Amino acid sequence: MKNILKNKKIALCVCGSISAYKSVDLASKWVQQGADVKVLMTKSAQKFVGKATFEGITHNKVVDDLWNNESDLNIDHLDIAKNSDLLIVSPITANMISKIAHGVSDDIISTTLLATEKPIIIAPAMDGNMYDHFAVKKNIELLKKNGVIVLEPESGYLASGLTGKGRLRNQEEITAEVERVLSIADDLKGKNILISAGGTREPIDSVRFIGNRSSGKMGHSLAEICSQRGANVTLVTTSNLFVPNGIKKISVSTAEEMKVEIINLIDSMDCIIMAAAVADFKPEIFNEGKVKKDGIEKMELNLVKNDDILNLIKDSKCIKIGFAAETSNHDEFGVNKLNSKDLDMIVINDVSNSQIGFESDYNQVKIITKKGDIFKSDIENKKIIASNIIDKLKTIIN
Ligand code: CTP
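A few points on the structure. On a predicted model such as this, the values are computed, not experimentally measured, just so you know.

1. Some words on the sheet that holds strand β5 (residues 149-150)
Within the open sheet, the five strands sit side by side as β2-β1-β3-β4-β5. Their pairing is parallel. The sheet is open, and its two borders are formed by β2 (36-41) and β5, each paired with just one other strand. Summarising the sheet, strand β4 (residues 120-124) and β5 pair through two bridges and their orientation is parallel. Bridge pairing links I122 to V150 in β5.

2. Observations regarding the pairing of β2
Here strand β1 (residues 9-14) pairs with β2 via six bridges, running parallel. Counterpart to I10 in the pairing with β2 is V37. Viewed along the sheet, the connection from β1 through helix α1 (residues 22-32) into β2 turns out right-handed.

3. Some points on the sheet that holds strand β8 (residues 192-197)
In spatial order, the strands read β12-β11-β8-β13-β16-β17-β19-β20; together these eight strands make up an open sheet with mixed pairing. Strands at the two margins of the open sheet, each flanked by one partner only, are β12 (248-251) and β20 (374-376). Between one strand axis and the next, the sheet turns by 15° as a mean value, whatever way the strands run. Where β8 meets strand β11 (residues 232-237), six bridges bridge the pair, whose relative direction is parallel. Considered in β11, the bridge of A197 is made with T237. Sitting on the sheet, helix α10 (residues 217-228) touches β8, β11, β13 (271-274) and β16 (319-326), and the angle it makes with β8 is about 165°.

4. Considering a nonpolar patch on the surface
Side chains of F281, I296, M299, L301 and L303 sit close together on the surface and give an oily, nonpolar patch of about 440 Å² of accessible area. Following the sequence through the fold, L303 ends up in strand β15 (residues 303-305).

5. Some thoughts on helix α5 (residues 94-102)
Along α5, the residues classified as buried are A94, M96, I97, K99, I100 and A101. Looking at the buried side of α5, the elements it contacts are β3 (86-92), α6 (108-115), β4, α7 (128-132) and α8 (134-145).

6. So, the pairing of β1
A large share of β1 lies buried, amounting to five of its six residues. Examined bridge by bridge, β1 and β3 share four bridges and lie parallel to one another. Bridging from a neighbouring strand, C13 pairs with V89 of β3.

7. Some details on the packing of α5 against α8
Following both chains from N to C, one finds α5 and α8 inclined at 45°, their axes separated by 9 Å at the closest point. Taken together, the axes of α5 and α8 lie oblique to each other. In the crossing of α5 with α8, the sense of the turn from one axis to the other is left-handed. Of the residues in α8, those in contact with A94, I97, S98, I100, A101 and H102 of α5 are V136, N139, I140, L142 and L143. Tallied by class, the residues present in the contact of α5 with α8 amount to eight nonpolar, three polar and no charged.

Criteria and cut-off values
Residues numbered from 1 in each chain as written. Predicted model: local features only at pLDDT ≥ 70, side-chain atom pairs only at ≥ 80, totals over all residues. Heavy atoms only, no water. Pairing = 2+ DSSP bridges. Helix = DSSP H or I, 4+ residues; strand = E, 2+ residues; numbered from the N terminus. Right-handed = clockwise from strand over helix to strand, strands pointing away. Axes fitted to C-alpha atoms, helices over the stretch in contact; angles between N-to-C directions. Contact = heavy atoms within 4.5 Å. Patch = residues over 30% accessible without salt bridge, like charges linked within 9 Å, V, L, I, M, F, W, Y side chains within 5 Å. Areas by Shrake-Rupley, 256 points an atom, 1.4 Å probe, with all protein chains shown as cover. Salt bridge = Lys/Arg side-chain N within 4 Å of Asp/Glu carboxyl O. Buried < 20%, exposed > 50% of the residue type's maximum accessible area, 1.4 Å probe, protein only. Parallel < 35°, antiparallel > 145°, perpendicular 65-115°, else oblique. Left-handed = near helix turned anticlockwise from the far one by under 90°. Nonpolar A, V, L, I, M, F, W, Y, C, P; charged D, E, K, R; others polar.

Fair warning: the whole summary comes from geometry, so function is off the table for now.
See the structure below:
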């Protein structure tokens with residue numbers, strides 16, 4: 001079996017929880033597998049475990065101070081943020097969860113996490129009542145929404161004597177997650193992926209348009225995940241949502257503009273993911289300036305059909321992934337689209353459920369591939385759904 005940890009640089013951040021001692025074993029196992037483990041500790045963590053233990057195991061100095069630098073740059077937090085393959089905080093306390101959720105940077109761990117663009121895993125450990133607290137729950141949600149991978153604690157016996165959800169996940173599971181994240185970190189390296197996002201706006205006049213409720217969150221999450229996994233991503237979007245560095249963003253507004261950009265780019269792509277809600281119809285006539293209401297009691301709007309972009313690129317050799325936004329007969333309509341648009345994969349979602357789909361941060365999808373593989377996700381944050389979709393893409397892209 002391939003040793004994924006070999007030569008990987010892992011920043012193991014240890015916070016002040018009784019379970020800090022378990023990180024010693026993690027560090028030891030990872031070093032034995034050939035990883036270069038750099039341990040960062042808060043002052044509270046050192047009340048539970050000494051630095052010397054980690055230094056003896058990792059053969060690296062423990063970093064516990066923002067002002068005691070040893071790196072080439074002489075700025076340790078930037079050096080670790082940039083040069084690690086992955087950062088994991090295990091155990092992470094309620095305090096550190098709160099700090100990173102809100103961008104506080106007053107110690108070596110929070111500052112390093114704020115400075116990194118590398119994958120971050122957190123493994124919380126605390127008393128059950130603390131993990132159930134509304135503030136902790138909200139902070140965890142915020143972190144998940146922003147791409148931090150949370151290894152939810154287990155339920156079981158806690159140091160307080162209580163039984164509840166707060167126990168650090170076991171060593172094997174933590175290591176398995178580290179291996180999984182490291183193995184996908186660059187698995188799309190060199191692939192050119194084109195993603196469309198957002199709802200198109202079809203103008204009636206200079207101020208009015210016909211639009212739809214798509215926010216662009218799903219397409220933007222896909223772009224972010226593909227980029228994190230090493231792909232060269234071009235995002236053709238109608239949305240003003242934030243786009244991280246490294247993604248080429250092309251802003252469009254109408255279906256026609258989106259079509260032109262996609263047709264221009266498609267030959268150089270390995271894959272296209274059409275997450276955009278492209279308007280099927282547009283007003284036949286565009287009125288220059290603003291149409292005034294005086295003297296108009298009834299306005300008739302003639303709509304004409306827009307080109308179907310996926311249909312236009314049917315002959316392209318690249319992998320084509322479509323979305324099917326449905327309110328009924330989801331599977332039937334989804335499979336029809338998969339076949340009629342000659343797609344490699346269709347992602348079906350229920351847009352009649354306000355908890356998921358349009359505008360929501362959450363989604364639940366059914367993915368069906370041309371070969372007939374079926375995957376149904378849980379209701380999850382769109383970043384996690386994006387990872388699920390890309391995991392499926394990985395099974396058909398080579
Ligand atoms: N799509 C497209 N061009 C269009 C309309 C849709 O490329 N003019 C793409 C969407 O981006 C999506 C897929 O086709 O990936 C399915 O879109 P959807 O709106 O669910 O279905 P339609 O094909 O438009 O059919 P209907 O609206 O009747 O369900």
